[in-house]
Amino acid sequence: MTKLQEKIFELMKVFDRLCRDNALCYYMLGGTMLGAVRHKGFIPWDDDADFGLPRKDYERLLALPKEAFPQGFRLRHFSKEAGVPYAFARLEDENTTCIEARRSGSGYTGGVYIDIFPLDADSSIPVLRRWKEWRVKLIKKLLYAHIAEEGRVTNPLKRIVMKAAVRKTRQEALVVRLDAMVSAYGRKHGFGRRLLRGEARLSNYLGHWGRRESVPQGVFDGKGGQREYTVFDWRRGERIAAPSGGREYEFEGSRFFGAADSAAYLTALYGADYMTPPPEEEREGHPAAVVELSTPYRQESGESDAGKADRERKSPEE
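On a predicted model such as this, the values are computed, not experimentally measured, just so you know. (Residues numbered from 1 in each chain as written. Predicted model: local features only at pLDDT ≥ 70, side-chain atom pairs only at ≥ 80, totals over all residues. Heavy atoms only, no water.)

**Digging into the overall build of the chain**
Here is step 1 of the chain: On a plain count of helices and strands, the chain comes out with 10 helices and 13 strands.
Here is step 2 of the chain: With 318 residues in all, the chain has 49% of them scored as buried.
Here is step 3 of the chain: When the accessible surface of the chain is totalled, it reaches about 16,000 Å², and 50% of it is carbon and sulfur. (Helix = DSSP H or I, 4+ residues; strand = E, 2+ residues; numbered from the N terminus. Buried < 20%, exposed > 50% of the residue type's maximum accessible area, 1.4 Å probe, protein only. Areas by Shrake-Rupley, 256 points an atom, 1.4 Å probe, with all protein chains shown as cover.)

**Some words on a negative patch on the surface**
Here is step 1 of the chain: On the surface, Glu280, Glu281, Glu282 and Glu284 cluster together to form a negatively charged patch.
Here is step 2 of the chain: When you line up the elements, Glu282 lands in the loop between helix H9 (262-270) and strand S13 (288-292). (Patch = residues over 30% accessible without salt bridge, like charges linked within 9 Å, V, L, I, M, F, W, Y side chains within 5 Å. Salt bridge = Lys/Arg side-chain N within 4 Å of Asp/Glu carboxyl O. Lys, Arg positive; Asp, Glu negative; His and termini not counted. Charge placed at Lys NZ, Arg CZ, Asp CG, Glu CD.)

**Digging into helix H1 (residues 3-21)**
Here is step 1 of the chain: The end-to-end C-alpha distance of H1 is 27 Å, a good match for the 27 Å that 19 residues give at a rise of 1.5 Å each.
Here is step 2 of the chain: Buried within H1 we find Gln5, Ile8, Phe9, Leu11, Met12, Val14, Phe15, Asp16, Leu18 and Cys19.
Here is step 3 of the chain: Of the residues one or two after H1, Ala23 is the one with positive phi, at around 55 degrees. (Expected span 1.5 Å × (residues − 1).)

**With respect to the state of the cysteines**
Defined simply, a disulfide is a covalent bond joining two cysteines at their sulfur atoms.
Here is step 1 of the chain: One pass over the full model with this rule turns up zero disulfides.
Here is step 2 of the chain: The thiol of Cys19 is not disulfide-bonded; the next cysteine sulfur, from Cys25, is found 8.8 Å away. (Disulfide = S-S within 2.5 Å.)

**Overview of the pattern of salt bridges**
Here is step 1 of the chain: The tally for this structure, following the rule as stated, stands at 14 salt bridges.
Here is step 2 of the chain: With a shortest N-O distance of 3.3 Å, Glu81 and Arg74 are connected by a salt bridge. The residues Glu81 and Arg74 share a single accessibility class, namely buried.
Here is step 3 of the chain: Salt bridges here are not isolated pairs; linked through shared partners, they connect Asp16, Arg20, Glu248 and Arg255.

**Focus on the packing of aromatic side chains**
Here is step 1 of the chain: Evaluated as defined, the whole model comprises 15 aromatic pairs.
Here is step 2 of the chain: Both rings, one in Tyr26 and one in Phe257, keep their centres 5.6 Å apart while their planes meet at 85 degrees; by these two values the pair is edge-to-face. Separated by 231 residues along the polypeptide, Tyr26 in the loop between H1 and strand S1 (27-28) and Phe257 in strand S12 (residues 254-257) bring together distant segments of the chain.
Here is step 3 of the chain: A relative accessible area of 22% means that Phe257 is categorised as partly exposed.
Here is step 4 of the chain: Considering the side-chain rings of Phe220 and Tyr265, the 5.5 Å spacing of their centres and the 55 degrees angle between planes classify their relative orientation as tilted. Here Phe220 is found in helix H8 (residues 217-221), whereas its partner Tyr265 is found in helix H9, with 45 residues between them in sequence. (Phe/Tyr/Trp six-rings, centres within 6.5 Å; stacked < 30°, edge-to-face > 60°.)

**Considerations on the pairing of strand S4 (residues 89-93)**
Here is step 1 of the chain: Burial analysis of S4 places five of its five residues in the buried class, the great majority of the element.
Here is step 2 of the chain: Residue alternation in S4 divides its side chains into two sets, Ala89, Leu91 and Asp93 and Arg90 and Glu92, and both sets are buried.
Here is step 3 of the chain: Examined bridge by bridge, strand S3 (residues 73-76) and S4 share four bridges and lie antiparallel to one another. Counted as the bridge partner of Arg74 is Glu92 from S4.
Here is step 4 of the chain: For S4 and strand S6 (residues 113-121), the ladder comprises four bridges, and the chain directions are antiparallel. Looking at the pairing, Ala89 lines up with Ile116 of S6. (Pairing = 2+ DSSP bridges.)

**Topic: the nonpolar core**
Soluble globular proteins tend to bury their nonpolar side chains together.
Here is step 1 of the chain: By size, the foremost hydrophobic cluster in this structure holds 69 residues, and its most contacted members are Met12, Phe15, Ile114 and Ile116.
Here is step 2 of the chain: Sort the elements by how many residues they give to this core and H1 lands first, with eight residues.
Here is step 3 of the chain: Excluding residues within four positions of it along the chain, Phe15 makes contact with Tyr26, Phe51, Leu53, Leu61, Leu91, Ile114 and Ile116. (Core = buried A, V, L, I, M, F, W, Y, C linked by side-chain atoms within 4.5 Å. Contact = heavy atoms within 4.5 Å.)

**Describing the environment of Arg283**
Here is step 1 of the chain: Within the secondary structure, Arg283 sits in the loop between H9 and S13.
Here is step 2 of the chain: Taking relative accessible area as the criterion, Arg283 reaches 34% and is therefore assigned partly exposed.
Here is step 3 of the chain: On a C-alpha basis, the gap between Arg283 and Ile43 in space is 9.5 Å, while along the polypeptide they are 240 residues apart.
Here is step 4 of the chain: At 2.9 Å, the side chain of Arg283 forms a polar contact with the backbone oxygen of Pro278. (Polar contact = N/O pair within 3.5 Å; in protein donor to acceptor, adjacent residues only side chain to side chain.)

**Comments concerning a nonpolar patch on the surface**
Here is step 1 of the chain: A cluster of nonpolar side chains, namely Ile125, Val127 and Leu128, defines an oily patch on the protein surface of about 220 Å² accessible area.
Here is step 2 of the chain: Exposure remark for Ile125: the relative accessible area of 30% places this residue in the partly exposed category.

**Overview of the confidence of the model for the chain**
Here is step 1 of the chain: The share of residues in the chain with pLDDT of 70 or more is 77%, and the mean pLDDT across the chain is 82.
Here is step 2 of the chain: For residues 242-246, every residue scores under 50 in pLDDT, and the model assigns this stretch 20 contacts once sequence neighbours within four places are set aside. (pLDDT = per-residue confidence, 0-100.)

**As for the environment of Ala164**
Here is step 1 of the chain: Residue position: Ala164 is located in helix H5 (residues 156-168).
Here is step 2 of the chain: Since its relative accessible area comes to 28%, Ala164 is described here as partly exposed.
Here is step 3 of the chain: Spatially, the C-alpha atom of Ala164 lies 9.0 Å from that of Ala145, the residues being 19 residues apart in sequence.

This is how it looks when you write it as structure tokens:
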């Protein structure tokens, strides 16, 4: 492991213990799940970790008091403090500093982190999932206009559009809107929801892969009563059968929870050849403007009042 991966791994173990102690259901997502299956640990060139919790468990996690977290670790979310430019949560190491280059325009400073996403119910109708993905992408682009460093956008037309978006929208309102949008289907009740539901699904539209991350719930929890799932392989352009897998996976000598049907989940995201590493020129992580593994981010940002970051977030005006 690299020094950065060692810090992330420490965060993973803190998160796992926190979930087990509080009976919270979680799953490894994306490249973290792929690393567990293909490498039994980190993808060598990867530099982050992603986890997801079903919405009810996710909200229970957000409701945990500060005292539930070990000293030096902090859960950050827009509902807990102002200025968080994400619609998902992050567990951060307060004794480190990590500023992402692609989001350095937001003024947000934090520590080395793991991303924690809500897994929400989703429609079984493909056209509705496409429509949801399009709307989520639009809000993400508007939000990016607020948090991206201006110098990173070189296209003059894009800069004009982004400046217009910043004038017409508010960052906090966009974050709240995005969270409401991805959770809306799961919060519906009555005949309308039953009509559209079909097979139960869990989705992570806040993740990198959009509607590819909307899969039958049984793929995650293994309770679908099926030995095989049919998933769409986007590389082949066809539906294929993916066999079921396990529940707990080895990762750098420890064990973490992941999708019960790992093959179905990973095929939906990466295609049937997910066990084959990409060409070397495509092996890249997430560039950071600043990574200090021994400098607390409050010290790096000059923040002296420990309570400053905990100020109450005012409800954004819609």
